[in-house]
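Listed below are the residues making up each chain.
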Amino acid sequence: MKLRTPIVLTVAAALTALAPAAAARPTPGSTLSNAAAALRNGNLAATHGVVDGCRVVIAHQTVNLGCQHSLVTIGKGSATPMATTTPTGYGPAELARAFNLPATGGSTNNVSIVGVGAYPTLEADLTHYRSQYGLPACTTANGCLKIVDYHGGPPLAPNASLASVEESYATETALDVQLASAACPTCTITMVQIPMNLLELLLAATLGLPGALASDFGTAVNEAVSLGAKAVSMSYGLPTGLQGSLLGTGAPAQALHHPGVAIVASSGDSGYTGSTQIWPQELPWVTSAGGITLTSADAGQTFTKSAWGGQFTSSDGTTSFVGAGSGCALDLPAAVGQPAAVAANCNGHRAISDVSADADPHTGVAVYDTYTPDSGTGGGWLVVGGTSAASPYLAGLYARAGTTGVNGPNTMYSAPAGSIEDIVGGTNAQNGAADCTQFTAATCTGVAGWDGPTGVGVPNGLGAF
């Protein structure tokens, strides 16, 4: 949960905020005929802005919810996400071409998503997404889809008092289940829901005490594995704060260690962050999902790829640099299977990230989301990016390929020749290599071989999984 602005909201104030201020949400019917073409040729940023989908206003304070996604807005300088009646972002077939996936050879392995909050329209929205792209039905009735809470109980009920928070979390979940579907259309999907707990969120964000929230994620991952998951995605990040040892080696960390199951988490959307890393992607046995910018000069047939990073200007004129997370976890050993030459970029410690997929919101993916209890807009087709898009997509590929022998990112570093496409070019630091002199230039720039923003690169087929 890398915070881009300080949180000053007190726990007491948050717990008494029964009516959160409305957050800007999608406006339906704003289809622009040129938007899809501009997204693919890399020009969408000229006409459309981006808003952080994981920041909401509660009791007049901005709170970062810890998820790692952003949404394309209706125009530059606007904070209103663009919602359209037909898809604008990349769909499953284009992503399959971008990463050279086989046209056949499906799998019925299970990919699980760990998320936060209720999402009553999850099944209906997933059905619409899969129908739009000709993917086989995946419903609770046919046994493909299962939705449980983090103890295996029934799906969570909506929380009307925190509607703006729940609406944001639902967009995250929509992204997660739909991108997992895109990666593995024949996999079964389990959605494991963690209840919203504002106290735990604020303990993590304001007091540097993320242990309780991390324990919830550990419980959820254990539940997913007990239900048969072959791969688990978490598009969330918590600051380690004052509990670095607990999160690095304690019970929450051990709950995420399941050899034979791929555990994937977003590297974050704050670009190069040096030795300040978010949990759980920093763990040696978790695959850290970085991100790329994905463009196409021929309407989604062939693609150009580079490390994702760029200047972000919010609707109030505030600017910041965003991009795929990278850096070094100096209190942890190298990732499982990470070669000494890679760990040397971090003085022998855990180097971040491991492998990547599309993450730039301006070259983002299509997501269908109609759960809008706060804004009441009705939602529609969104364009979403962030390393929250990369994590479930990569988890889906792990499940599709099978995970025998997987232990953290080990197979990425021993991948057969040709099964990984190296990404060269781009940076996730505002001033490029000049911003990462604490470590090597590779930790913040897209160079030949391993680099921080993209890891070993992007999948070229399923051979690396």
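Structure: see above.
Residues numbered from 1 in each chain as written. Predicted model: local features only at pLDDT ≥ 70, side-chain atom pairs only at ≥ 80, totals over all residues. Heavy atoms only, no water.

**Q** Explain the overall build of the protein residue by residue, including any values.
**A** What the protein contains, in helices and strands, is 12 helices and 22 strands. Based on the C-alpha atoms only, the size of the protein along its principal axes is roughly 50 × 50 × 45 Å. Counting only contacts in the protein whose residues sit at least 6 apart along the sequence, the fraction spanning at least 24 positions is 79%. Per element, the accessible surface of the protein, about 14900 Å² overall, is 56% carbon and sulfur. Put simply, the protein has 13 plus and 26 minus side-chain charges, and the middle of one group is 5 Å from the middle of the other. (Helix = DSSP H or I, 4+ residues; strand = E, 2+ residues; numbered from the N terminus. Contact = heavy atoms within 4.5 Å. Areas by Shrake-Rupley, 256 points an atom, 1.4 Å probe, with all protein chains shown as cover. Lys, Arg positive; Asp, Glu negative; His and termini not counted. Charge placed at Lys NZ, Arg CZ, Asp CG, Glu CD.)

**Q** Before we move on, could you go through a nonpolar patch on the surface and cite the residues and values that matter?
**A** A grouping of L207, L209 and L242 is seen on the molecular surface, where their side chains present a nonpolar patch of about 300 Å² in accessible area. Mapped onto the elements, L242 comes out in the loop between β9 (238-239) and α8 (244-249). (Patch = residues over 30% accessible without salt bridge, like charges linked within 9 Å, V, L, I, M, F, W, Y side chains within 5 Å. Salt bridge = Lys/Arg side-chain N within 4 Å of Asp/Glu carboxyl O.)

**Q** An account of the layout of surface pockets is requested, with residue identities and associated values reported.
**A** Roughly 340 Å³ of volume is contained in the second largest pocket. Around the second largest pocket, the lining comprises 20 residues; the ones closest to its centre are A45, V50, Q311, F312 and H362. For the lining of the second largest pocket, the secondary-structure elements that each account for two or more residues are β13 (287-295) and β15 (309-313). Per-element accounting of the lining of the second largest pocket gives the leading share, five residues, to β15. (1 Å grid on protein atoms, 1.4 Å probe; cavity = no way out; pocket = protein on both sides within 12 Å on 5 of 7 lines; lining within 4 Å. Points joined across faces, edges and corners; volume = space filled by probe spheres on them.)

**Q** Go over the sheet that holds strand β4 (residues 70-72), please, and point to the residues and values.
**A** Pairing is antiparallel in the open sheet, where four strands are placed in the order β1-β4-β20-β19. Only two strands of the sheet have a single neighbouring strand rather than two, namely β1 (50-52) and β19 (365-369). Averaged over all adjacent pairs, the angle separating strand axes in this sheet is 40°, with direction ignored. Packed on one face of the sheet, helix α5 (residues 163-183) meets β4, β19 and β20 (380-385) and runs near 120° to β19. (Pairing = 2+ DSSP bridges. Axes fitted to C-alpha atoms, helices over the stretch in contact; angles between N-to-C directions.)

**Q** Residue-level account of empty space enclosed by the protein, with values.
**A** Where empty space is left in the structure can be found by rolling a water-sized probe over the atoms. Tallied over the full model, the rule gives four cavities of 30 Å³ or more. Along the wall of the largest cavity there are 13 residues; nearest its centre are V116, Y169, N197, L201 and L213. Mapped onto the lining of the largest cavity, the elements with two or more residues apiece are α5, α6 (198-207) and α7 (211-226).

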